[in-house]
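# Inside the fold
So you can see what is in the structure, the chains are spelled out below.
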Protein chains: 2
Amino acid sequence: MKNLITVSLVEDDLDICSSLAKLINNTNVFTCIHQYHDCQSGVEGIVKDPPNIVLMDIGLPDRSGIEGISEIRAKLPDLNIIVLTAHENDDYVFNALCAGASGYIIKEASTERILGAIHEVLNGGAPMSTQIARMVVKSFQRKNTTTLSPREMEVLNELCTGKSYKMIADVLFISEETVRRHLKSIYKKLHVSSKSEAVAKALKERLI
Amino acid sequence: MKNLITVSLVEDDLDICSSLAKLINNTNVFTCIHQYHDCQSGVEGIVKDPPNIVLMDIGLPDRSGIEGISEIRAKLPDLNIIVLTAHENDDYVFNALCAGASGYIIKEASTERILGAIHEVLNGGAPMSTQIARMVVKSFQRKNTTTLSPREMEVLNELCTGKSYKMIADVLFISEETVRRHLKSIYKKLHVSSKSEAVAKALKERLI
DNA sequence: GTATCAATAACCTAAACGGGTTAATTTCGA
DNA sequence: TCGAAATTAACCCGTTTAGGTTATTGATAC
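This one's a predicted model, so the numbers in the text were calculated from it and none came from an experiment.

Superposition of chain A onto chain B requires a rotation of 180° combined with a translation of 0.3 Å along the rotation axis, giving an RMSD of 0.4 Å. Look at the turn and shift together and you get a two-fold axis relating the two. It is Ser196 of chain A whose C-alpha, among those of chain A, lies nearest the rotation axis, at 2.1 Å.

The N-to-C vectors of helix α10 (residues 195–204) of chain A and helix α10 (residues 195–204) of chain B enclose an angle of 20°; their axes lie 8 Å apart at closest approach. If you check the angle between α10 of chain A and α10 of chain B, you find them roughly parallel. As α10 of chain A packs across α10 of chain B, the resulting crossing turns out to be right-handed. Counting all contacts with α10 of chain A, which are made through Lys195, Ser196, Val199, Ala200, Leu203 and Lys204 of chain A, the residues of α10 of chain B involved are Lys195, Ser196, Val199, Ala200, Leu203 and Lys204 of chain B.

Structural remark: α-helix, 3.6 residues per turn; residues separated by three or four positions point the same way. Among the residues making up α10 of chain B, those that are buried are Ser196, Ala198, Val199, Ala200, Ala202 and Leu203 of chain B. Turning to α10 of chain B, the residues buried within the fold contact α10 of chain A together with α7 (150–159) and α9 (176–190) of chain B.

Turning next to the state of the cysteines. Evaluated as defined, the whole model comprises zero disulfides over all chains. Among the cysteines around Cys17 of chain A, which has no disulfide bond, Cys32 of chain A carries the closest sulfur, lying 6.8 Å off. Since its relative accessible area comes to 0%, Cys17 of chain A is described here as buried. With no disulfide partner, Cys98 of chain A has as its closest neighbouring cysteine sulfur the one in Cys98 of chain B, 14 Å distant.

All right, on to the pairing of strand β2 (residues 30–36) of chain A then. All names here are of chain A. As paired strands, strand β1 (residues 5–10) and β2 are joined by six bridges and run parallel to one another. Of the residues in β2, the one forming a bridge with Ser8 is His34. With respect to chirality, the unit in which β1 leads through helix α1 (residues 14–25) into the neighbouring parallel β2 is right-handed.

All names here are of chain B. Its 15 residues give α9 an end-to-end C-alpha distance of 21 Å, which sits within 8% of 21 Å, the value for a rise of 1.5 Å per residue. The inward-facing, buried residues of α9 abut α7, α8 (165–172) and α10. Where α9 terminates, the next one or two residues include His191, which has phi positive at roughly 60°.

Below, the discussion takes up the environment of Ser18 of chain A. All names here are of chain A. Tracing the backbone shows Ser18 in helix α1. Looking at Ser18, the relative accessible area reads 33%, which means it is partly exposed. Separated by 57 residues in the primary sequence, Ser18 and Lys75 have C-alpha atoms spaced 27 Å apart.

Let us now look at the protein's contact with DNA strand D. Among the 17 residues in the neighbourhood of DNA strand D, the closest are listed as Ser149 and Ser175 of chain A together with Tyr165, Lys184 and Lys195 of chain B. Close to the protein, within 4 Å, the atoms of DNA strand D belong to sugar or phosphate groups at a rate of 56%. Between DNA strand D and Ser175 of chain A, the relevant distance is 2.6 Å, taken from a phosphate oxygen to a main-chain nitrogen or oxygen of the residue. Residue Arg180 of chain B places a side-chain N or O atom 2.9 Å away from a base nitrogen belonging to DNA strand D. Secondary structure elements with two or more residues in the surface near DNA strand D: α7 (150–159) and α9 (176–190) of chain A together with α9 of chain B.

Once that is clear, we can look at the domain arrangement of chain A. How big an interface is tends to be stated in terms of accessible area lost as the parts join. All names here are of chain A. Taken domain by domain, chain A consists of domain 1 (1–127) and domain 2 (128–208). Summarising the inter-unit geometry, the C-alpha centres of domain 1 and domain 2 are found 38 Å apart. At the interface, 10 residues of domain 1 touch seven residues of domain 2. Among the residues domain 1 hides against domain 2, the three largest losses belong to Asn89, Phe94 and Leu97. Together they make up 56% of the total. At the boundary of domain 1 and domain 2, one finds zero salt bridges. By residue number, the principal contributor to the side of domain 1 that touches domain 2 is helix α4 (residues 91–99), which donates four residues. Grouping the constituent residues of the side of domain 1 that touches domain 2 by class yields six nonpolar, one polar and three charged.

Conventions used here
- Residues numbered from 1 in each chain as written.
- Chains lettered and ligands numbered in written order.
- Predicted model: local features only at pLDDT ≥ 70, side-chain atom pairs only at ≥ 80, totals over all residues.
- Heavy atoms only, no water.
- Least-squares fit on C-alpha atoms with pLDDT ≥ 70 in both.
- Axes fitted to C-alpha atoms, helices over the stretch in contact; angles between N-to-C directions.
- Helix = DSSP H or I, 4+ residues; strand = E, 2+ residues; numbered from the N terminus.
- Parallel < 35°, antiparallel > 145°, perpendicular 65-115°, else oblique.
- Left-handed = near helix turned anticlockwise from the far one by under 90°.
- Contact = heavy atoms within 4.5 Å.
- Buried < 20%, exposed > 50% of the residue type's maximum accessible area, 1.4 Å probe, protein only.
- Disulfide = S-S within 2.5 Å.
- Pairing = 2+ DSSP bridges.
- Right-handed = clockwise from strand over helix to strand, strands pointing away.
- Expected span 1.5 Å × (residues − 1).
- Near = heavy atom within 4 Å.
- Polar contact = N/O pair within 3.5 Å; in protein donor to acceptor, adjacent residues only side chain to side chain.
- Domains from an automatic or database assignment.
- Buried area = accessible area lost by both parts, 1.4 Å probe.
- Salt bridge = Lys/Arg side-chain N within 4 Å of Asp/Glu carboxyl O.
- Nonpolar A, V, L, I, M, F, W, Y, C, P; charged D, E, K, R; others polar.

As structure tokens, then:
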């Protein structure tokens, strides 16, 4: 008995599920240890008996596979989850990656591609089309449509580390009053009215 | 004269630069309109006369190409920039993508791959290895090592929209005092001591 | 079945913050 | 060279926040 890489499936279509299991068990490196047919039992089962790799449908009947991914990753942060999807370039795929998936596989893909994707994930890769990759990359590039002055940007930067007026004044070598002055201007430009709101906006829209 | 797609190069190695220019000009869809050999003149020239695509070395002599990318994107947010790099899986590549690049090309790649990558970017893709893709994906997945209670998570979520105690109390149908109570607990668990600090930590470490 | 924790609520006090107003100096572009 | 914008600084006043203390209820765990 070899030391096989264990795989669990979460897929409500029984035909697809069993053919995937067969495909996996026909290799001499992978073994399918569990098949779940809904999200709830999948999450519970995987947390109880974690495999090395999970293949998970995101179009499940009871609840979104996205939530399932979040839950599993909360308990098992290092488990590699690969999303099964019917259509490429789905917004679901993007959200699944945000939730913690390591890549995705089109259900209609060839057996070589499916096994290849699993290998890729195990080797630290993230199989995805360049379109999805572009969405992912774009999502953390700053948009930069605001017109904050350089000094205001510095103040905002310090603000986003959670500093008080006094602490910001100290690191920028200006008076607390001047910090307050800049903050007023920043609030006006960002259309906010408190420190936490400014921090939230700056970090969410990647202004800093 | 056809309506060619214009390309500008920023590359300090004159040999590489001219052979790339030849490669580009030998196609019947691209034309190389400018060649710059350092970052500073590249940034200035590109902003003055923007091409459709920029190929940019990130190992430039005068200053980091990463900064150059940031500057160009600040002025021309929609310009597609492709990074030229000597070695794959470089941390530089990752940072370049964060700064606004749309993909990258290994200098030693075949001519087909180079032209293919340009086409890919023009078609909305982001050419990159799955290893880099994994780095990118990981960078926005939450780590979630904290132990906030469900209710505390809800409060933190509202906090991250910039709400005051009173506003949070209203949307969660609890008293302001209870919001305050949860915040105290959250501060202790996150090791922070103000709203903006909590928001910064929550957003930066993707707790929400 | 009791102990621990989550969620709810209240009060007090000092510190921090937000909005309004005014003003000097510098710097940069038209 | 003149004006606009940026940076610096100060004061007042009312509101919001942070930290400390105490307490009840329900659920979960051991």
